[in-house]
Amino acid sequence: MYAPGDVRVDHTDRPTVVEPTDAIIKLTASCICGSDLWPYRGADQVEHQPMGHEYVGIVDEVGSGVQTVKVGDFVVGSFFASDNTCEICQAGYQTHCVHRQPGALPGAQADFARIPLADGTLVATPGLPDDDLIPSLLAASDVLGTGWFAAVAAEAGPGRTVAVVGDGAVGLLGVLAAKQLGAERIIAMSRHADRQALARKFGATDIVTERGDAGVAKIRELTGGLGAHSTIEAVGTQESMMQAIGATRAGGHVGYVGVSHDVQLPGEQLFFSGVHLHGGPAPVRRFLPELIQLIWDREIDPGQVFDLTLPIEQAAEGYQAMDERRAIKVLLTL
Ligand SMILES: [Zn+2]
């Protein structure tokens, strides 16, 4: 991304092993993230930045210290590299690893990427996947893992009513996660017919089209005036965060994973809400073994969030389609 709104495809040298703990992977597919739209829209600084942090692929080369993956393995990683051994990693918070680094260098919208801390970061699949599993495995790398963490952080589960703020790929996969975790009722907040349809396919039982205070009122109305037990916040704006807190009953949980942009929590409202807030950059690595198995066994099909596939040469069109909300999520073929 040369500048906001200016995406170009360039040729660069293949990355090489720098540290003995690095692996080089040849990507099988790549994709554009909703969070890539923040710099695209000028909300984040960007200048000549290699893009992409979601990846699946085949290990092409490993450093001398890499032990758990080998050349030829098909692997899935996540957007932060982690050692998976420090106390923070062991507690399941690999995105806050004391050795945390970007997950794919220089960027994963490319044919090749360097993955630091390969032993801790990468998880090999049981074998080479069938082609139709690739989109779902790619989704596990970020959007599925992030939606899953949001559902876990919101304590979605049996007997719970879960509200989902945000109908991007993460919100939709938060619906899928809540369903898998056994939620009784799942209320998706969306104004778009195609996204509502996918939310229902993933397990949503109710759709709320209102947003802001009206959205909160609607959730309260649907839950006997109490609010949801569990709310997933998958946008990151002031409105969406306040909508999530307002939609949650006292004692309930908000799992927030939308990258925060200028969110200011009013102390008094927070104090009197009585809700738990937990979130941040999702520790996708914690969930990868379980998610890969669910995909491998065809129990879940999160790859359905990819509704536009383009060759990477047309990445600029992919950004534009997501920016204009013509596409939920764009898969880039290599
Ligand atoms: Zn760690």
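Please refer to the structure placed before this passage.
None of these values were measured; they are calculated from a predicted model. (Residues numbered from 1 in each chain as written. Predicted model: local features only at pLDDT ≥ 70, side-chain atom pairs only at ≥ 80, totals over all residues.)

## Brief notes about the packing of helix α8 (residues 212-222) against helix α9 (residues 238-246)
Interaxial distance between α8 and α9 falls to 9 Å at its minimum, and their mutual angle equals 20°. As the angle between them shows, α8 and α9 are arranged roughly parallel. Classified by chirality, the crossing of α9 by α8 is right-handed. Across the interface between the two elements, Gly212, Gly215 and Val216 of α8 pack against Glu239, Gln243 and Gly246 of α9. Residues that form the contact of α8 with α9 fall into these classes: 1 nonpolar, 4 polar and 1 charged. (Axes fitted to C-alpha atoms, helices over the stretch in contact; angles between N-to-C directions. Helix = DSSP H or I, 4+ residues; strand = E, 2+ residues; numbered from the N terminus. Parallel < 35°, antiparallel > 145°, perpendicular 65-115°, else oblique. Left-handed = near helix turned anticlockwise from the far one by under 90°. Contact = placed C-beta atoms within 7 Å. Nonpolar A, V, L, I, M, F, W, Y, C, P; charged D, E, K, R; others polar.)

## Considerations on the pairing of strand β9 (residues 185-189)
Among the 5 residues in β9, 4 count as buried, and that is most of the element. The β-α-β motif built from strand β8 (residues 161-165), the intervening helix α6 (residues 169-180) and the parallel element β9 has right-handed crossover chirality. Bridge count between β9 and strand β10 (residues 206-208): 3 bridges; the pairing is parallel. The partner of Met189 across the bridge, within β10, is Val208. As for the winding sense of the linkage, the β-α-β connection from β9 through helix α7 (residues 193-202) to β10 is right-handed. (Buried ≥ 20, exposed ≤ 12 C-beta atoms within 10 Å, placed from the backbone. Right-handed = clockwise from strand over helix to strand, strands pointing away. Pairing = 2+ DSSP bridges.)

## Let's talk about the sheet that holds strand β12 (residues 248-256)
Reading across the sheet, the 6 strands line up as β10-β9-β8-β11-β12-β13 and stay open at both edges, with parallel pairing between neighbours. On the outer flanks of this sheet lie β10 and β13 (276-279), each paired with one strand and no other. The mean inter-strand angle of the sheet, taken between neighbouring strand axes irrespective of direction, is 20°. Where β8 meets β9, 5 bridges bridge the pair, whose relative direction is parallel. Of the residues in β9, the one forming a bridge with Ala163 is Ile187. In this fold α8 packs onto β8, β9, β10 and β11 (228-233), with an angle of close to 155° to the strand it touches most, β10. Contacting β8, β11 and β12, α9 crosses the sheet at an angle of about 145° to β12.

## A closer look at the nonpolar core
Ala23, Ile25, Val162, Val164, Leu173 and Val175 are the most contacted members of the largest nonpolar core, which totals 104 residues. Taken domain by domain, this core gets at least three of its residues from each of domain 1 (23-142 + 283-333) and domain 2 (147-279). Sequence-distant contacts of Leu173, defined by excluding residues within four places in its chain, comprise Ala139, Val143, Leu144, Gly147, Pro302 and Val305. (Core = buried A, V, L, I, M, F, W, Y, C linked by C-beta atoms within 7 Å. Domains from an automatic or database assignment.)

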